[in-house]
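Coordinate inspection notes
Listed below, chain by chain, are the residues.
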Amino acid sequence: MAHDLFYLYDEPEDTKTRFVSFMAESTRFDLAITTTNRFYGKKLVINIQNGRSAIIGHDDLEEEGYLEFAFNLNEQEAEELKAFLETVI
C-alpha cells in the first residue's frame, strides 16, 4: 500500500559551501560550512568526521554549552571550534 508524502516544502536553492580542515591543539576539525538564504543569516555547519550538524549564528556562539552539545565536544574542543567559527560566521 503506497503512502502519499505530504511535503512541507521542496525548493531547490543554489548555496555556497566552504570545506575547511584544520588542526587545533586538542583535535582535528573537518567542516563543511554552507551559506544559504534560509536560517535567517545563520550558517549550516557540518562536522564531516561524525556527521553532526548545527545551524549557527553569532548568538549561538555566545550560548554556553551550545557547541559542546551540538557537536559532542569537550569544553576545550568547543573553545577551539568557537575561535575558528568567530572568523567565518
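Placed above this text is the structure.
Read on for an overview of the structure. (Residues numbered from 1 in each chain as written. Predicted model: local features only at pLDDT ≥ 70, side-chain atom pairs only at ≥ 80, totals over all residues. Heavy atoms only, no water.)

1. So, the overall build of the protein chain
Check the secondary structure of the protein chain and you find three helices and four strands. Listed by position from the N terminus, the elements making up the protein chain come as β-β-β-β-α-α-α. What you see for the protein chain is a C-alpha radius of gyration of 15 Å, clearly larger than the 12 Å of a compact globule of 89 residues, by over 25%. When each of the 89 residues of the protein chain is scored for burial, the buried share is 37%. Sequence-distant contacts, at least 24 apart, represent 30% of the contacts inside the protein chain between residues at least 6 apart. In the protein chain, 8 positive and 18 negative side-chain charges are present, and the distance between their average locations comes to 6 Å. (Helix = DSSP H or I, 4+ residues; strand = E, 2+ residues; numbered from the N terminus. Rg over C-alpha atoms; globule rule 2.2 N^0.38 Å. Buried < 20%, exposed > 50% of the residue type's maximum accessible area, 1.4 Å probe, protein only. Contact = heavy atoms within 4.5 Å. Lys, Arg positive; Asp, Glu negative; His and termini not counted. Charge placed at Lys NZ, Arg CZ, Asp CG, Glu CD.)

2. What to know about the sheet that holds strand S3 (residues 43–47)
Spatially, the four strands line up as an open sheet ordered S1-S2-S3-S4, and their pairing is antiparallel. The sheet is open, and its two edges are formed by strand S1 (16–23) and strand S4 (53–56), each paired on a single side. Put simply, the sheet's adjacent strands are angled 25° from each other on average, direction ignored. In this sheet, strand S2 (residues 28–35) lies alongside S1 in antiparallel orientation, the contact comprising eight bridges. Among the inter-strand pairings, threonine 17 is bridged to a residue of S2, identified as threonine 34. In the packing of helix H3 (residues 75–88) onto the sheet, contacts are made with S1, S2, S3 and S4, and the angle to S2 comes to roughly 35°. (Pairing = 2+ DSSP bridges. Axes fitted to C-alpha atoms, helices over the stretch in contact; angles between N-to-C directions.)

3. Overview of the nonpolar core
Ranked by internal contacts, the top residues of the largest apolar core, which has 21 residues, are Ile56, Leu67, Phe71 and Leu85. Mapped by element, the contributors of at least two residues to this core are S1, S2, S4, helix H2 (66–71) and H3. No other element matches H3, which puts five residues into this core. (Core = buried A, V, L, I, M, F, W, Y, C linked by side-chain atoms within 4.5 Å.)

4. Regarding the side chain of lysine 43
Examined against the element boundaries, lysine 43 turns out to sit in strand S3. Among the polar contacts listed, one links the side chain of lysine 43 to the side chain of threonine 35, at a separation of 2.9 Å. Apart from residues no more than four positions distant in its own chain, lysine 43 is found in contact with Ile33, Thr34, Thr35, Ala54, Ile55, Ile56, Val88 and Ile89. (Polar contact = N/O pair within 3.5 Å; in protein donor to acceptor, adjacent residues only side chain to side chain.)

In short, the description is geometric, and any link to function would need to be established separately.
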